[in-house]
Amino acid sequence: MAMKTSAQLLTLLLYVFTSSYLFAGTPICEPKQDGLFVHSLSREFLPREVLSRANILSNGVTPGGVENPNVSWTRDLFPLQTTDEQGRLVVIPYLSALSPDGAPFDGSHYIPVPLPADAPPNAKSFKFNDKYHWLEVRSLPLLFEGGNVVATEKFVFIGQKVVEQNGRSTRELRDHYLAQGASVTAVNRLVSGLAKRGYTKRNKEQVIDEFAKAFGLGSNQIIVLPWMPGERTGHVDMFLATLDEQTIALPYVPQWLIDRLDYDHERAYAQGVNEWLAVQTKTIKDRTDGTLTVVRVPMLPPKNLQSCSLSSLGWSANLLATVNWILHEDMAFVPIFKTHTLQNEPGAAERFKDEIRSVLSHYGFQTQFVDCSRLLRHNGLLHCLTGRLKTPAN
């Protein structure tokens, strides 16, 4: 999802340092089955078909605080999850720069419940369907946003940005945030809190080892993917998604859409994106020994190109990521962009939608398209707005 520019990060830092942590304490909601979570601040960007299925997190701002004027990226705070050897759900919170003291959000209610004799010491209680369940909570002492992790049963994909975020000493981290204009008091509180919760400078191998330990996997099952050239968030969920535990999806720009672009640099960038995605597709197939099925899903050509010396393709852009979708029950809520020129061509929009429907229907999903033109201005899409937590059996 969504935190790339210095201005955006500064806005978020100032927000959390002048208000209560958005998800502090107990969420004011009672989770439904296989909980889909969104924050009340994001309601305006989601259709009623999503909201009617979701748990609305309504913790807000202390009196006198400044409400977030944009949206709440639930994905970037929401805990990860896996299962233990007995198939029981395990929650994995991580360190967050969106908390004033780096504290992770694990979603638990902290209400005492009787625990079985074999329950781990770090078990906490969670409320689902009016019943309390205990879950093991494995803290991951790494700093990142949840949109930079996509996990299946046997593999975890993380972005190179996660390695970069955890490759700084606390002093370097402090200097990094001060350079973006945050106050000394706020930065000191954040960095001190991160250090108390286990943050320390780690190299790539150490970051991978921490993920492997949290997920109960081997280090070869943690796959680091590079930052997509010119993509503005650095998050893997902008080009990677799960369809089920054995299937992942990556986008591509159909050639017939590239041929309709007006300018040479737009066509060159779209072709470059396709070539980069083809490389990642091969990398994933090779690293997973063909045990994961990789499905390609059409997306519109990237929009709002800006010259960028840091991009190997020479441009940065908004990636119109179809795969940054919401999958819930038998529904797939898929981003579209009515402001895109090609969406207004006679026949082009339906052809594009039909190609997406064909892929998703094969995996049992009905498709509903959601216009994300306004949401795109904030550098995030549908998946970025949501958190997921399955109903535990324990």
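That block above? That's the structure.
Heads up: these notes are all about the structure in this document. (Residues numbered from 1 in each chain as written. Predicted model: local features only at pLDDT ≥ 70, side-chain atom pairs only at ≥ 80, totals over all residues. Heavy atoms only, no water.)

1. Notes on helix α9 (residues 348-362)
Thought 1: Spanning 15 residues, α9 covers 22 Å between terminal C-alpha atoms, matching the ideal 21 Å at 1.5 Å per step.
Thought 2: Among the residues making up α9, those that are buried are Ala348, Ala349, Phe352, Lys353, Ile356, Val359 and Leu360. Taken down its axis, α9 places every buried residue within 125° of arc, on the same side.
Thought 3: Along its buried surface, α9 packs onto β12 (241-244), α7 (255-258), β14 (293-298), β18 (331-336) and β19 (366-371).
Thought 4: Looking one or two residues beyond α9, the residue adopting positive phi is Gly364, at roughly 85°. (Helix = DSSP H or I, 4+ residues; strand = E, 2+ residues; numbered from the N terminus. Expected span 1.5 Å × (residues − 1). Buried < 20%, exposed > 50% of the residue type's maximum accessible area, 1.4 Å probe, protein only. Arc of directions from axis to C-beta. Contact = heavy atoms within 4.5 Å.)

2. Remarks on the packing of aromatic side chains
Thought 1: Under the counting rule described, the total for this entry stands at four aromatic pairs.
Thought 2: Between Tyr94 and Phe144, the ring centres sit 4.3 Å apart and the planes meet at 25°, which makes this aromatic pair stacked. With a gap of 50 residues between them, Tyr94 in strand β5 (residues 94-95) and Phe144 in the loop between β8 (140-143) and β9 (149-151) connect regions that are remote in the sequence. Both residues of the pair, Tyr94 and Phe144, belong to the buried class.
Thought 3: Seen in terms of ring centroids, Phe239 and Trp276 are 5.0 Å apart; in terms of plane orientation they differ by 85°. Their pairing is edge-to-face. Residue Phe239 is found in the loop between β11 (222-225) and β12, and its partner Trp276 is found in helix α8 (residues 264-287); the two are separated by 37 residues along the sequence.
Thought 4: For Phe239, a relative accessible area of 2% puts it in the buried group.
Thought 5: Put simply, the rings of Tyr94, Phe144 and Phe211 pair up and form one aromatic cluster.
Thought 6: The ring of Trp256 has Arg351 lying over it, and the distance from NZ or CZ to the ring centre is 4.0 Å. (Phe/Tyr/Trp six-rings, centres within 6.5 Å; stacked < 30°, edge-to-face > 60°. Lys NZ or Arg CZ within 6 Å of the ring centre and 35° of its normal.)

3. Side note on the sheet that holds β18
Thought 1: Strand order in this open sheet of three strands is β17-β18-β19, and the pairing throughout is mixed. Unpaired on one side and paired on the other, β17 (326-328) and β19 mark the two borders of the sheet. Going across the sheet, the axis of each strand differs from the next one's by a mean of 20°, ignoring polarity.
Thought 2: Note: β17 against β18, three bridges, orientation antiparallel. Directly across from His328, in β18, lies its bridge partner Met331.
Thought 3: Most of the contacts of α9 go to β19, to which it runs at about 140°, and overall it touches β18 and β19. (Pairing = 2+ DSSP bridges. Axes fitted to C-alpha atoms, helices over the stretch in contact; angles between N-to-C directions.)

4. Considering the pairing of strand β3 (residues 80-83)
Thought 1: In β3, alternate side chains face the same way, and those of Leu80 and Thr82 are buried while those of Gln81 and Thr83 on the opposite face are not.
Thought 2: The sheet contact formed by β3 and strand β4 (residues 89-92) spans four bridges and is antiparallel. Bridging across to β4, Gln81 finds its partner in Val91.
Thought 3: Count of turn residues in the β3/β4 antiparallel hairpin: five residues, of which Gly87 carries a positive phi of about 80°.

5. Some details on unusual backbone geometry
Thought 1: The phi dihedral of Glu329 is positive, around 55°, even though this residue is not glycine.
Thought 2: By the element assignment, Glu329 lies in the loop between β17 and β18.
Thought 3: Even without being a glycine, Asn379 presents a positive backbone phi close to 65°.
Thought 4: Residue classification places Asn379 among the buried residues on the basis of a relative accessible area of 10%.

6. Some points on the pattern of salt bridges
Thought 1: Evaluation of the coordinates by the stated rule reveals 14 salt bridges.
Thought 2: Here Lys282 ties to Asp286 by a salt bridge, and the two come within 2.7 Å at their closest N and O atoms. Note that Lys282 and Asp286 are positioned in helix α8 at a spacing of four residues, about one turn of the helix.
Thought 3: The shortest N-O distance in the salt bridge between Arg357 and Asp354 comes to 2.7 Å. Separated by three residues within a single helix, Arg357 and Asp354 lie in helix α9, roughly one turn from each other.
Thought 4: For Asp354, a relative accessible area of 41% corresponds to the partly exposed category.
Thought 5: A single network of salt bridges, built from pairs that share partners, joins Arg202, Glu210 and Lys213. (Salt bridge = Lys/Arg side-chain N within 4 Å of Asp/Glu carboxyl O.)

Note that every value here comes from positions in space, so none of it alone points to a role or purpose.
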